[in-house]
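Descriptive analysis of the structure
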Amino acid sequence: MEVLLFVSSTTYYLLICSIAAFLLLLLDSRRKSKAKFSASTGLELPGPTPWPIIGSLHLMGSYDVPYKAFGALAEKYGQVYKLQLGNLPCVVVNGLDNIREVLMSKAQFFDARPNFKRYNDLFAGDKANSLAFSDWSDAQKVKREMLRAHTFPRAFSARFHELDTYMNIELNDLTNVLKTNEGSPVALKPLLLHSCANIFTSYFTSHRFERDHPRYAEILESYDEIFYEVNQGYAADFLPWLMPLHTSKISRMTEHAHKVRDFVVKEILADKLAAWTPGQTQLDYVDSLIEHVKSEVEPKLSMDSALFALEDIIGGHGAVANFLLKVLSYVVTRPDVQRKIQEEVDAVTENGREISLADRTFMPYTEAVILEAVRIIASPIVPHVASQDGIISGFKVEKGSMIFLNNYDLNMNPKLWDSPEEFRPERFISPEGRLLKPEFFLPFSCGRRSCMGYKIVQFVCFGTLATICQRFNIHPVSGESYKVPITNLALPYKTFNLRFESRKV
Ligand code: HEM
């Protein structure tokens, strides 16, 4: 009995001590977590209660695109809420003011990128090699600064004229190919990839490749498969134990990435490197990359990371070509839109002269068609990640949380747009006939991680759309579907055919 009493009193004592220790630990962790947010006392984020293992992934299941789910959940939880997706804590941000807070006024808190395994795999095991998927760093900043001069050429500068010239060389070449296939169904995608890639390689690297080059078409297909892949959402990004299901796909992508790298090194970089002399005039983007690496200015850039930046930028041709195909899918199914572009281009070029980038100012309808396609496709803003604890709209957001910025809602909200589901370029034209972009329209995002290619996209898309419509009537091919996926820029490599008929202007 005594023994029993001793045991029970010892147990009792231990129990009391354990409870006291637990309470102390709890208080301490509360104190620490309060200290974390001491700069401003944020509120706890609302949000659905996650299920074990999958979190709230099941809530995305009943929508064709996740961004519709994000909008629907906002009705219940408010504009900013938390969402556990698999093993990742996420925050969904709706509404222009909140999105601007993340991208602009608090950019330094939310400037990192997700650490998905496949992003690392594609960039030789380190996503820091990528322009779009690296976290923020001095090197990322300098890479963006070096690009700026090339991707945002000032109107009427030497680079602006160069781009115009390269664009017309490729569009004349494309016209010849389309004329030889006149009247027959044409698989436009490989042709357009070639034209856009040559505009990019001519402009950024001073190289161009003929259509019968033995490896170019294969490299462009590899680039396109990578682009398609990067644009897909994977449940395995959030549930890494599902990744083995994608092993063969990932290794195919890695193979494509190696092929592309080998081509860029041998066919583009090698002769530039051999010809480099210290302090030489920097003619193109490759010259400026090589100069930076060789002169070892801070922050230093290794030749490898310069090569990755170069591959990324050349790869931008895929975004332009895929997007242009989507624009053409809207144009071919809307004869009135096609006719209005043709009337505008005929009026501006009078005798059918070549299009120039300077014509953009006088062709608001053609520009509006491009903007309307960007709006309706609603390519998502690449997810950001909180690089430190912060506050969004008064709510605490912990470091490491993934931030989804719902620009689908900004593009499709009926409170912001009349009949948002309809393709109506006129919504971007003011009563005086000028191009009009509402402040809530952010297809290329804003702030320190904003798109580095948006001017090039607008220039090349304008030139190509105007030139094709000037020279051809575009017809659908019977049996083809021209419905294109939204909230995603990519189309499969094998996609719809079109028929081209020369116009007599
Ligand atoms: C229609 C085509 C395109 C659309 C709609 C688009 C849109 C976007 C968006 C929304 C972002 C994310 C911005 C953010 O996270 O805040 C982005 C990032 C980026 N875009 Fe584009 N883009 C397009 C084409 C291009 C092209 C052609 C290039 C290259 C010439 C390019 C270069 C980049 C780069 C480098 C980033 C990452 C910037 C960073 O993370 O610092 N984009 N783009």
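Just so we're clear, the structure is a prediction, and the values are computed from it rather than from any experiment.

Concerning the overall build of the chain
- From N to C terminus, the chain includes 15 helices and nine strands.
- Its C-alpha atoms give the chain principal-axis dimensions of roughly 110 × 55 × 40 Å.
- For the chain, with 505 residues in total, the buried portion stands at 50%.
- A separation threshold of at least 6 residues defines the contact pool for the chain, and within that pool the share at least 24 residues apart is 73%.

A look at the packing of helix H13 (residues 364-377) against helix H15 (residues 454-471)
- For the pair H13 and H15, the least separation of the axes is 10 Å and the interaxial angle reads 120 degrees. Considering their axes alone, H13 and H15 lie oblique with respect to each other. Pair H13 / H15 crosses with right-handed handedness. Contacts between H13 and H15 involve Thr366, Glu367, Val369, Ile370 and Leu371 from the former and Gln458, Cys461, Phe462, Leu465 and Ala466 from the latter.

Comments concerning unusual backbone geometry
- Between Glu298 and Pro299 the backbone carries a cis peptide bond, its omega angle lying at -15 degrees.
- Along the polypeptide, Pro299 turns up in the loop between helix H10 (285-295) and helix H11 (303-332).
- One non-glycine residue, Glu296, lies in positive phi territory at about 55 degrees.
- Mapped onto the fold, Glu296 is located in the loop between H10 and H11.

A look at the packing of aromatic side chains
- All told, the structure shown has 26 aromatic pairs when counted by the stated rule.
- Note on Tyr216 and Phe263: the rings are 5.8 Å apart at their centroids and 25 degrees apart in plane angle, and the pair reads as stacked. In this pair, Tyr216 is assigned in helix H8 (residues 216-230) and Phe263 in helix H9 (residues 247-275), connecting sequence segments 47 residues apart. Assigned by exposure class, Tyr216 and Phe263 land together as buried.

Some words on the side chain of His256
- Relative to the elements of secondary structure, His256 occurs in helix H9.
- Contact partners of His256, with chain neighbours within four places excluded, come to Ser222, Glu225 and Ile226.

Some points on the coordination of the iron atom of the ligand
- Of all protein atoms, Cys451 (SG) alone acts as a donor to the iron atom of the ligand, lying 2.4 Å away.
- In this fold, Cys451 is placed in the loop between helix H14 (407-412) and H15.

Some thoughts on the site of the ligand
- As a matter of local geometry, the ligand sits amid 26 residues, with Arg113, Arg144, His384, Ser445 and Cys451 nearest to it.
- Measuring from an oxygen atom of the ligand, one finds a backbone N or O atom of Leu131 at 3.5 Å.
- Here an oxygen atom of the ligand and a side-chain polar atom of Gln140 are 3.0 Å apart.
- For the shell around the ligand, the secondary structure elements donating two or more residues are helix H5 (138-151) and H11.
- Counting residues per element, the shell around the ligand draws most heavily on H11, which supplies five residues.
- Residues of the shell around the ligand, tallied by class, amount to 17 nonpolar, six polar and three charged.

Overview of the pairing of strand S7 (residues 402-405)
- Of the two faces of S7, both are covered, the one formed by Met402 and Phe404 as well as the one formed by Ile403 and Leu405.
- Bridging between strand S2 (residues 88-93) and S7 involves four bridges; their strand directions are parallel. Opposite Val92, over in S7, you have Phe404 as the bridge partner.

Basis of the calculations
Residues numbered from 1 in each chain as written. Predicted model: local features only at pLDDT ≥ 70, side-chain atom pairs only at ≥ 80, totals over all residues. Heavy atoms only, no water. Helix = DSSP H or I, 4+ residues; strand = E, 2+ residues; numbered from the N terminus. Buried < 20%, exposed > 50% of the residue type's maximum accessible area, 1.4 Å probe, protein only. Contact = heavy atoms within 4.5 Å. Axes fitted to C-alpha atoms, helices over the stretch in contact; angles between N-to-C directions. Parallel < 35°, antiparallel > 145°, perpendicular 65-115°, else oblique. Left-handed = near helix turned anticlockwise from the far one by under 90°. Phe/Tyr/Trp six-rings, centres within 6.5 Å; stacked < 30°, edge-to-face > 60°. Donors = N, O, S within 2.8 Å, 3.2 Å for Na, K, Ca; no water. Near = heavy atom within 4 Å. Polar contact = N/O pair within 3.5 Å; in protein donor to acceptor, adjacent residues only side chain to side chain. Nonpolar A, V, L, I, M, F, W, Y, C, P; charged D, E, K, R; others polar. Pairing = 2+ DSSP bridges.

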